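Given next are the chains, with one letter for each unit.
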Amino acid sequence: MYLERIHDDELAQSAWLIGCKKSGEAALIDPERDIDRYLVAAKRQGFRIIAVAETHVHADFLSGTREMAEATGATIYLSGEGGDDLRYAWLDRKEGGGFYTHTLLEDGDGFNVGEVEIRAVHTPGHTPEHLSFLVYDHAGADGDPVGLVSGDFVFVGDVGRPDLLEKSVGAVGSARASAAELHDSLRWFDRLDPWLQVWPGHG
């Protein structure tokens, strides 16, 4: 398995390139709008990006998921959790018409790039639809996950804010409910093996 953190120092935002050297396939999680850096990184390693995923609806940077799908033909993987208010509304508005090839993931769903499996875990709290991704290296590991792409759920020494929906879009009362969801997500996180690597979206 190949892993590369592609970091934007100005936003302190990280995208994650995860690939299988054997198949030459890769996934990109949480890209920004400026996609050239990701295309260069994939080409440098000899990867073809076949999957682009997001951990959650981003308010702190412009997502490059659509641009990556246009440039590479990759399948888009987005959250199907969180209720109807948080559905992605652009999946049927492909440049030139039609639908983007996509899959909406719910808790436990996953996809593969070669011998690497990426499995969604619903981790609400920062946002109601938030997914984290457990990463399994079936070529080199014993069946346990090797890492967690945590998005804005868990950072180094911190957790995602549960109050942003209330403060930024005026969803009155949502901060308390989000904090309770975050607490439950953290209880799940606390049960993970202590050696599991955590790959966050910021910091």
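For the structure, check the block above.
Cut-off values and rules
- Residues numbered from 1 in each chain as written.
- Predicted model: local features only at pLDDT ≥ 70, side-chain atom pairs only at ≥ 80, totals over all residues.
- Heavy atoms only, no water.
- Helix = DSSP H or I, 4+ residues; strand = E, 2+ residues; numbered from the N terminus.
- Rg over C-alpha atoms; globule rule 2.2 N^0.38 Å.
- Buried < 20%, exposed > 50% of the residue type's maximum accessible area, 1.4 Å probe, protein only.
- Lys, Arg positive; Asp, Glu negative; His and termini not counted.
- Charge placed at Lys NZ, Arg CZ, Asp CG, Glu CD.
- Core = buried A, V, L, I, M, F, W, Y, C linked by side-chain atoms within 4.5 Å.
- Contact = heavy atoms within 4.5 Å.
- Arc of directions from axis to C-beta.
- Pairing = 2+ DSSP bridges.
- Axes fitted to C-alpha atoms, helices over the stretch in contact; angles between N-to-C directions.
- Salt bridge = Lys/Arg side-chain N within 4 Å of Asp/Glu carboxyl O.

Colleague: Looking at this model, I keep getting lost on the overall build of the chain. Mind explaining?
Modeller: A count of helical and extended segments in the chain gives 4 helices and 13 strands. For the chain, whose C-alpha radius of gyration is 16 Å, the value lies close to the compact-globule estimate of 17 Å for 203 residues. Considered along the principal axes of its C-alpha atoms, the chain spans approximately 50 × 45 × 30 Å. Per-residue burial for the chain yields a buried fraction of 48% across its 203 residues. Once the 18 positive and 35 negative side-chain charges of the chain are each reduced to a mean point, those two points are 3 Å apart.

Colleague: It is not clear to me how the nonpolar core should be interpreted in this structure. Could you clarify?
Modeller: When a protein is soluble and globular, its nonpolar side chains tend to lie buried together. If you look at the biggest cluster of nonpolar residues, it comprises 19 residues, and the most contacted ones within it are Ile-18, Leu-105, Phe-111, Val-116, Ile-118, Phe-133 and Val-149. Sorting the residues of this core by element identifies β2 (13-20), β3 (25-29), β4 (48-53), β7 (110-113), β8 (116-122) and β9 (131-137) as the ones contributing at least two each. Apart from the residues within four sequence positions on either side, Leu-105 is in contact with Tyr-77, Leu-78, Ser-79, Gly-80, Glu-81, Gly-110, Phe-111, Ala-120, Leu-131 and Phe-133. By size, the runner-up hydrophobic cluster in this structure holds 15 residues, among which are Ala-15, Ala-26, Tyr-38 and Val-52.

Colleague: Please explain helix α1 (residues 36-45) as it appears in this structure.
Modeller: Helical periodicity: at 3.6 residues per turn, an α-helix aligns residues three or four positions apart in one direction. Of all the positions in α1, only Tyr-38, Ala-41 and Ala-42 are classed as buried. Burial along α1 is one-sided: seen end-on, the buried residues are contained in an arc of 95 degrees. Opposite its buried face, α1 presents the exposed residues Asp-36, Lys-43 and Arg-44, each directed more than 90 degrees away. In the stretch just after α1, Gly-46 is the one whose phi turns positive, near 75 degrees.

Colleague: Help me understand the sheet that holds strand β5 (residues 75-79) in this model?
Modeller: Adjacent strands of a sheet form backbone hydrogen bonds with each other and so pair up, either parallel or antiparallel. Read across the open sheet, the 6 strands follow the order β1-β2-β3-β4-β5-β6; overall the sheet is mixed. One side of each edge strand has no neighbouring strand; the edge strands of this open sheet are β1 (2-8) and β6 (102-105). Ignoring strand direction, the axes of neighbouring strands in this sheet form an average angle of 20 degrees. Here β2 runs beside β3; their pairing, made up of 5 bridges, is antiparallel. Bridge pairing in β3 links Cys-20 to Glu-25. Strand contacts of helix α2 (residues 65-72): β3, β4 and β5, with the helix running at about 155 degrees to β4, the strand carrying the most contacts.

Colleague: So what exactly am I meant to see when it comes to the environment of Gly-114 here?
Modeller: Tracing the backbone through its elements, the reader meets Gly-114 in the loop between β7 and β8. Between the alpha carbons of Gly-114 and Met-1 there is a distance of 9.2 Å; along the sequence they are 113 residues apart. Those residues in contact with Gly-114 that lie beyond four places of it in its chain are Cys-20, Ser-23 and Glu-25.

Colleague: Could you clarify how one ought to interpret the sheet that holds strand β13 (residues 197-200) in this entry?
Modeller: Across the sheet, which stays open at both edges, the 5 strands sit in the order β7-β8-β9-β10-β13 with mixed pairing between neighbours. Where the open sheet ends on each side, the last strands, each with one partner, are β7 and β13. Here the strands of the sheet are splayed against their neighbours by 25 degrees on average, with no regard to which way each runs. Sheet topology places β9 next to strand β10 (residues 147-151); 3 bridges connect them, and they run antiparallel. Bridge assignment links Val-135 to a residue of β10, and that residue is Gly-147.

Colleague: Which parts of the structure should I look at to understand the pattern of salt bridges?
Modeller: In the structure shown here, the tally under the stated rule is 10 salt bridges. Among the ionic pairs, Glu-4 bridges to Arg-44, the shortest N-O distance being 3.1 Å. Of this pair, Glu-4 sits in strand β1 while Arg-44 sits in helix α1; the two residues are 40 residues apart in sequence, bridging distant segments of the chain. Judged by its relative accessible area of 16%, Glu-4 is buried. Owing to a relative accessible area of 52%, Arg-44 belongs among the exposed residues under this scheme. For Arg-37, the salt bridge goes to Glu-32, with nearest N and O atoms at 3.9 Å. Each of Asp-8, Glu-32, Asp-34 and Arg-37 takes part in salt bridges that share partners, so that together they form one network.

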